[in-house]
Amino acid sequence: MNSILEVRGVSKRFGGLLAVSDVSFNLGEGEILGLIGPNGAGKTTLFNVVNGVYKADQGSVLFAGKDITGSSPDEVVHLGLARTHQIVKPLNDLTLLDNVTVGACFGREYLGLKAAQAVALEVLQQVGLADRAHMLARSLTIAGKKRLEVARALAAKPKLLLLDEVLAGLNPTEIAQMIDLVRKIRDSGVSVFMIEHLMQAIMSLSDRIVVLNLGRKLAEGRPDEVVHNADVVEAYLGFPDIVDRLTRTD
Amino acid sequence: MILRRPFFWIILVIAAFFIYAPLRGNDVSLREDLILVAIAIILASNLNLMIGYTGYVNFGHIVFYGLGGYIGLYLATVRGWNLVLSALLAGLAVSVCALLFGLAILRLRGAYFALATIGVLQAVQAFVSNFDPWGRSTGMYLSFDAYQPLGGAMRALWITYYLIIAVMALSMILSLAIKNSKFGMGLFAIREDEDAAVVLGVNATVYKAIIYSVSAFLPAVAGALMFYKNGMIDPSIAFEYMLSLEGIVMLMLGGQGVVMGAALGGTLYEKLRSYLLTSPKLSDFHLVIAGGLLLLVVLFAPGGVMGWLYRLVPRARRVIE
């Protein structure tokens with residue numbers, strides 16, 4: 001499988017805190033790669049390094065074979081790498097349509113205003129917000145704002161989509177809808193790299209999972225491999241043999 | 001296309017009114033009133049590109065007007081160049097300066113940017129006050145025959161008036177065009193959330209520098225025309241800090257981010273100010289009233305007159321932009 005994203009030995013330091021330390025992994029084309037880890041493990045920092053919000057102190061990031069280490073976020077989007085934010089950042093006083101139009105205007109295809117609006121309407125349809133296209137973004141609920149984040153990123157027509165906790169704060173129905181949406185996105189040919197705390201969801205969605213703890217890569221592999229990895233279980237729960245203890249039937 | 005927008009034609013009607021009203025009956029005092037209103041609209045409209053569209057408060061916007069006045073006056077009189085050419089060159093020169101200033105100070109955000117704009121104003125004023133070719137703190141005066149190329153003083157005043165009205169119309173058309181463009185969409189995104197805009201692909205650094213430079217052009221042209229018409233310029237009237245602040249009041253009053261808001265706010269405020277200044281009891285009082293007005297608008301009608309109108313008649317949004 002061809003890699004769309006290669007992260008090689010990336011480190012990021014904030015003063016005395018080593019937020020991400022020597023992390024390497026590949027993401028294959030058409031793959032859904034999950035990124036999990038306890039709070040403060042460095043997941044969002046890693047995202048920020050990948051899409052250029054932060055510059056890596058060490059290591060390099062390759063996207064579609066091109067070195068994007070040190071590129072700014074707006075350059076990275078033009079290449080086809082879009083993302084959502086964990087803490088949603090709606091453009092509050094613009095309509096949903098305008099929000100998504102911005103994504104299409106300045107995305108990979110760098111569309112003109114008219115063409116971008118057409119794409120925006122399509123994408124709003126796809127995420128189920130089309131009926132609210134002319135409402136202001138501030139009027140949305142949190143679930144709506146998460147969808148809007150995804151819609152804006154999708155409008156950029158990315159090859160790779162970074163999703164930062166799009167399920168957090170949603171109710172079970174909304175979660176089911178969002179999971180469905182992520183699957184459809186992947187089926188349309190977009191690779192997905194997603195941070196998620198909701199284990200059930202990430203286990204069922206991901207083809208492979210990378211686990212971070214204290215900035216280091218703890219494990220990598222298929223979901224079923226990762227959950228049984230002793231280091232991972234210890235990082236999350238403290239008992240290396242917790243799975244055995246809980247599943248023992250004697 | 002901008003020609004299809006109803007508001008484009010409304011702008012032309014407004015400009016036609018400005019031209020026709022004083023012409024009928026050769027009313028010079030009405031012309032002098034309207035010229036102040038036009039200058040207010042030009043300043044507020046272009047300031048709107050920064051504050052209303054991009055979300056960056058510029059306290060030193062008047063620096064473009066004053067610097068344009070100096071360069072224009074210098075070219076038109078000392079060098080003896082054509083007035084329109086001098087004014088356009090003044091606009092261009094000031095825009096280039098603004099682009100350079102912008103690239104430096106637009107790395108700052110929020111209150112820090114606002115403070116830096118005051119610094120730019122002070123620095124330019126200090127420079128001009130010590131610049132020999134421009135007469136240092138005494139400024140420059142036109143001799144009466146400087147108006148000869150335009151056919152004498154009387155004609156020259158009318159010609160500069162029409163030119164200033166043209167700049168006013170262009171300011172509003174520019175605002176309208178930017179509002180309905182991809183560039184404008186990028187600016188709005190920066191205004192709402194600059195970090196989000198960058199992640200969505202907007203090159204905020206370049207966009208901000210461009211709009212800062214664009215917002216300098218027409219005020220500088222207007223400054224060149226206005227000071228040519230007045231026949232004199234000195235640092236204290238060219239870089240009048242009060243006028244810079246009043247531009248912000250105009251914008252808040254009319255409704256920031258709205259083309260008509262800037263025009264309406266400019267008109268209302270200028271009318272109010274000339275009433276207060278000429279009224280014998282209140283003349284020293286006009287800034288107190290301006291301050292009170294600003295407070296009331298910010299507290300009770302944050303969208304200004306246009307925001308209030310849009311709430312009342314939501315459909316107005318499509319016609320009056």
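Just above sits the structure.
It should be emphasised that the depicted structure is a prediction, and the values quoted were computed from it without experimental measurement.

Time to look at the overall build of chain A. Helix and strand counts for chain A come out as ten helices and ten strands. Taken over C-alpha atoms, the radius of gyration comes to 18 Å for chain A, in line with the 18 Å a tight globule of 250 residues would show. Seen through its principal axes, chain A has C-alpha atoms that stretch 60 × 40 × 35 Å. A burial count over chain A gives 46% of its 250 residues as buried. Taking the contacts inside chain A whose residues are at least 6 apart along the sequence as the reference set, 64% of them involve residues at least 24 apart.

The helix and strand tally for chain B stands at 15 helices and two strands. Over its C-alpha atoms chain B spans a radius of gyration of 19 Å, differing by no more than 12% from the 20 Å that the globule rule assigns to 321 residues. Seen through its principal axes, chain B has C-alpha atoms that stretch 55 × 45 × 45 Å. Taken over 321 residues, chain B has a buried fraction of 48%.

Contact residues are listed per partner, giving 22 residues for chain A and 16 residues for chain B. Considering every element that reaches the side of chain A that touches chain B, the biggest residue donor is helix 3 (residues 96-105) of chain A, with five residues. Looking at the side of chain A that touches chain B, its residues break down into nine nonpolar, seven polar and six charged.

The next subject is the sheet that holds strand 2 (residues 17-28) of chain A. Residue and element names in this part refer to chain A. Read across the open sheet, the four strands follow the order 2-1-4-5; overall the sheet is antiparallel. Edge strands, defined here as strands with exactly one partner in the open sheet, are strand 2 and strand 5 (66-67). Set on the sheet, helix 1 (residues 43-50) makes contact with strand 1 (3-14), strand 2 and strand 4 (58-63); between it and strand 2 the angle comes to about 65°.

All names here are of chain A. The strand order across the open sheet built from six strands is 6-7-8-3-9-10, with neighbouring strands paired in mixed fashion. Sheet topology places strand 6 (81-83) and strand 10 (216-221) at the edges, where each strand pairs with a single neighbour. Geometrically, the sheet is characterised by an average inter-axis angle of 15° between neighbouring strands, direction not taken into account. Examined bridge by bridge, strand 9 (residues 208-213) and strand 10 share five bridges and lie antiparallel to one another. Bridge pairing in strand 10 links Asn213 to Arg216. The sheet contacts of helix 6 (residues 172-187) involve strand 3 (32-36), strand 7 (160-164) and strand 8 (191-195), and relative to strand 8 the element is tilted by about 150°. This element, helix 9 (residues 230-237), spans strand 9 and strand 10 of the sheet and lies at about 125° to strand 10.

Successive side chains on a regular strand alternate, one facing one side of the sheet and the next facing the other. Residue and element names in this part refer to chain A. Counting buried positions along strand 3 gives five out of five residues, so the element sits mostly inside the fold. Here strand 3 shows two buried faces, one formed by Ile32, Gly34 and Ile36 and the other by Leu33 and Leu35. Sheet topology places strand 3 next to strand 9; four bridges connect them, and they run parallel. Directly across from Ile36, in strand 9, lies its bridge partner Val211.

Residues and elements named next belong to chain A. Of note in the backbone geometry, Lys157 takes a positive phi value of approximately 50° without being a glycine. Phi is positive for Leu214, close to 50°, though the residue is something other than glycine. Tracing the sequence through the fold places Leu214 in the loop between strand 9 and strand 10.

Turning our eyes to something else, we now look at helix 4 (residues 83-105) of chain B. Since the α-helix advances by 3.6 residues per turn, residues separated by three or four positions end up pointing in the same direction. All names here are of chain B. Taking 1.5 Å as the rise per residue, helix 4 with 23 residues should run 33 Å; its terminal C-alpha atoms sit 32 Å apart, in good agreement. Along helix 4, the residues that are buried comprise Leu83, Ser86, Ala87, Leu89, Ala90, Gly91, Val94, Ser95, Ala98, Phe101, Gly102 and Ile105. Against helix 3 (62-78), helix 5 (110-129) and helix 9 (204-230) lie the buried residues of helix 4.

Definitions and cut-offs
- Residues numbered from 1 in each chain as written.
- Chains lettered and ligands numbered in written order.
- Predicted model: local features only at pLDDT ≥ 70, side-chain atom pairs only at ≥ 80, totals over all residues.
- Helix = DSSP H or I, 4+ residues; strand = E, 2+ residues; numbered from the N terminus.
- Rg over C-alpha atoms; globule rule 2.2 N^0.38 Å.
- Buried ≥ 20, exposed ≤ 12 C-beta atoms within 10 Å, placed from the backbone.
- Contact = placed C-beta atoms within 7 Å.
- Nonpolar A, V, L, I, M, F, W, Y, C, P; charged D, E, K, R; others polar.
- Pairing = 2+ DSSP bridges.
- Axes fitted to C-alpha atoms, helices over the stretch in contact; angles between N-to-C directions.
- Expected span 1.5 Å × (residues − 1).

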